[in-house]
Structures are given as structure tokens and as C-alpha cells.
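One-letter residues, chain by chain:
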Amino acid sequence: MLTGYKILVAEDNPLNQKVTSFLLQKLGAISTVVADGSIAVKLVESDEFDLILMDLHMPEMDGYEATEYIRKTLNRDLPVVALSATSFEEEKQRCLDAGMNACITKPLDAEKLTETILRLTKEKKVLPG
Amino acid sequence: MFTNPPLLDLSYLFEISFGDPQYVYDVLSLFVETFPPGLANLEKLIRETDDFDAIHKQAHTLKSSASIIRIRNVFDDITRIDMLSRSKTGKEEIIARLDNVIFNFNKALPLIQAERGRNRPHP
């Protein structure tokens, strides 16, 4: 379903790293896992990804800061999906305000994850350049 | 009719394992390695400090793990600790919730270890 998709996962919890990367692998995607937003933005500068799964709370640079950096400093429109442990509306809105494209709650659901990734990468492909 | 949830619910883990016992073993091992020190740190922060920001951050990290390995009421109690510490209030309730988490975690740990043993890879 996600064969060949290159997904960057920014997540500092080792258990969530394992769960997310295994799920992506089973779905056919290639994942790169980093434990902080500061590393994620460096990789976005140097490598091509189809989408980022971004945890919101990381030690040095959190998901909000990393996304704002990607949007405003790197000027990249790469799809960013927030991985949230809550479903609070104010958190969702804060994600969207930071420039994220969608928010999904942990623990991850394979179907929801796939649908979100396909939808956002398809939208990106049809937008005029 | 009210029914008590099971002490340990690994249904989500089994669902996402795609039938791979090595993966189940690895995830349970990671949980056993990371959750207890995180819980010990949370306990220290709650009992010895009023650093609500640090309590919130530690609770938030544990909440993610608790959503994967589901021990009775632990996810709900940690979520409540997370919420209260974000609003810097409810220290008494935070302590009560912490006691629940520790109690239920200690009860569930032998079951987690047993399941981990069942999925241990054979040489």
C-alpha cells in the first residue's frame, strides 16, 4: 500500500519508534527514524522524503518548532503529520497553525495511517508547482 | 452491568505485530526496559518536587507507552496526571493517581514478563 514511500519519523519514545517503523515496514514504506526535531530538520535539508510523521514533544526541538522551521526557513511544503497522544482540539489547532497538514493520535492505526499518508502525498502531487 | 477491564490488554500489540513473535518480544522488552525507570522518575518528581512542567513531560512520555501496552487504568491515570500537571493544579489527585499507576503496573509486570517469555526467540 505504501510501497516505496520514504517516510521520516521524528519520535523520541523508543517504544513508539519501534511500533511506527515496524508498521511502516509492513505497509511497504521505507522509514528513517530520528529522536528529535533538530535532527529531522537537518535530514529534510539533505534528503528527499515523501512525508514526515512528527511527534509533538521532543527534547531539544519539538514538533511545532521543527515544522515551523521546515515551512518558514527551509520553505518546504513537504507533508507533515503530527503524532499526538491526545485528541484535544486546541492541540490539533496548534498543529495546523504551525504548518502541519494533519494530526493522528497514538497508538497508530494502520488503516488511518495509510489513508492519511496517501491523501496528503496525492494532494501534494496534484498541486501546481 | 459494570465489568472490570483486564489487568493486561495486549490486543493492540498483537494486532500490529502481524503475527511476528520476535516483534512482540522486542516491544515487550523495550517496555520493560523503559517504562519502570520513567515511572520511577515520575514518582520522584511528584513526591519530591512541585515541578509541574517536568511532571507533565514525564507523564506525556509514559502515556505513549501506556497506550501500546495497556495495563488496567494506567493510561487513564497517566493522562489525568498529564492534564493536571499542564494546568499546574491538583497535586493531591496527582499523587493518588500515581499510587494507582504504581499498584497496577507492579501487578501487571509478572504477566508482561510471562508473555515476553512465551515470545522469546528460540536459538
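The model shown is predicted, which means the values in this text are computed figures rather than measured ones.

So, the overall build of chain A
Reasoning step 1: Along the backbone of chain A there are five helices and five strands.
Reasoning step 2: Moving toward the C terminus, one meets the helices and strands of chain A in the order β-α-β-α-β-α-β-α-β-α.
Reasoning step 3: The C-alpha atoms of chain A give 13 Å as radius of gyration, which agrees with the globular expectation for 129 residues (14 Å, within 12%).
Reasoning step 4: Within chain A, buried positions represent 50% of all 129 residues.
Reasoning step 5: A separation of at least 24 residues holds for 64% of the contacts in chain A among residues at least 6 apart in sequence.
Reasoning step 6: Accessible surface for chain A amounts to roughly 6100 Å². Of this, 50% is attributable to carbon and sulfur atoms.
Reasoning step 7: Separation between the mean location of the 15 positive side-chain charges and that of the 21 negative ones in chain A comes to 6 Å.

Considerations on the confidence of the model for chain B
Reasoning step 1: Chain-level statistics for chain B give a pLDDT mean of 94 and a share of 98% at 70 or above.
Reasoning step 2: Interface confidence for the predicted complex, given as ipTM, is 0.85, next to a pTM of 0.88.

Notes on helix α3 (residues 63–73) of chain A
All names here are of chain A.
Reasoning step 1: The set of residues buried in α3 consists of Gly63, Tyr64, Ala66, Thr67, Ile70 and Arg71. Buried residues of α3, viewed axially, fall in a sector of 170°; they line one side. Residues of α3 that are exposed and point more than 90 degrees away from the buried face comprise Lys72 and Thr73.
Reasoning step 2: Check the buried side of α3 and you find it contacts α2 (37–46), β3 (51–55), β4 (80–84) and α4 (89–98).
Reasoning step 3: A distance of 3.1 Å separates the backbone nitrogen of Tyr64 from a side-chain oxygen at the start of α3, and that oxygen is part of Asp62.
Reasoning step 4: Positive backbone phi, approximately 55°, marks Asn75, located one or two places after α3.

Considerations on the sheet that holds strand β5 (residues 102–105) of chain A
Residue and element names in this part refer to chain A.
Reasoning step 1: The strand order across the open sheet formed by five strands is β2-β1-β3-β4-β5, and the pairing between neighbours is parallel. Every other strand in the sheet has two partners, leaving β2 (30–34) and β5 as the edge strands with one partner each. Taken over all neighbouring pairs, the strand axes of this sheet differ in orientation by 25° on average, direction set aside.
Reasoning step 2: Taken strand by strand, α3 contacts β3 and β4, and its axis lies near 150° from that of β3.

Overview of the pattern of salt bridges
All names here are of chain B.
Reasoning step 1: One pass over the structure, following the stated rule, counts 17 salt bridges over all chains.
Reasoning step 2: For Lys91, the salt bridge goes to Asp50, with nearest N and O atoms at 2.9 Å. Here Lys91 is found in helix α5 (residues 91–118), whereas its partner Asp50 is found in the loop between α2 (21–48) and α3 (52–68), with 41 residues between them in sequence.
Reasoning step 3: Classification of Asp50 by relative accessible area gives exposed; the value is 58%.
Reasoning step 4: Residues joined in a network through salt bridges with shared partners are Asp77, Arg80, Glu93 and Arg97.

Some details on the pairing of β2 of chain A
All names here are of chain A.
Reasoning step 1: Bridge count for strand β1 (residues 6–10) against β2 is five bridges, and the pairing is parallel. If you follow Ile7 over to β2, its bridge partner there is Ser31.
Reasoning step 2: The β-α-β motif built from β1, the intervening helix α1 (residues 14–26) and the parallel element β2 has right-handed crossover chirality.

Observations regarding the packing of aromatic side chains
The geometry of an aromatic ring pair is captured by the separation of the ring centres together with the interplanar angle, meaning the angle of the planes.
Reasoning step 1: Throughout the structure, instances matching the rule amount to five aromatic pairs over all chains.
Reasoning step 2: Pairing Phe31 of chain B with Phe35 of chain B gives two aromatic rings, centres 4.8 Å apart and planes at 25°, and the pair type is stacked. Taken as a pair, Phe31 of chain B and Phe35 of chain B lie in helix α2 at a separation of four residues, close to a single helical turn.
Reasoning step 3: Three or more aromatic residues link up through ring pairs in this structure, and these residues are Phe22 of chain A together with Phe18 and Tyr23 of chain B.

Parameters and conventions
Residues numbered from 1 in each chain as written. Chains lettered and ligands numbered in written order. Predicted model: local features only at pLDDT ≥ 70, side-chain atom pairs only at ≥ 80, totals over all residues. Heavy atoms only, no water. Helix = DSSP H or I, 4+ residues; strand = E, 2+ residues; numbered from the N terminus. Rg over C-alpha atoms; globule rule 2.2 N^0.38 Å. Buried < 20%, exposed > 50% of the residue type's maximum accessible area, 1.4 Å probe, protein only. Contact = heavy atoms within 4.5 Å. Areas by Shrake-Rupley, 256 points an atom, 1.4 Å probe, with all protein chains shown as cover. Lys, Arg positive; Asp, Glu negative; His and termini not counted. Charge placed at Lys NZ, Arg CZ, Asp CG, Glu CD. pLDDT = per-residue confidence, 0-100. Arc of directions from axis to C-beta. Polar contact = N/O pair within 3.5 Å; in protein donor to acceptor, adjacent residues only side chain to side chain. Pairing = 2+ DSSP bridges. Axes fitted to C-alpha atoms, helices over the stretch in contact; angles between N-to-C directions. Salt bridge = Lys/Arg side-chain N within 4 Å of Asp/Glu carboxyl O. Right-handed = clockwise from strand over helix to strand, strands pointing away. Phe/Tyr/Trp six-rings, centres within 6.5 Å; stacked < 30°, edge-to-face > 60°.

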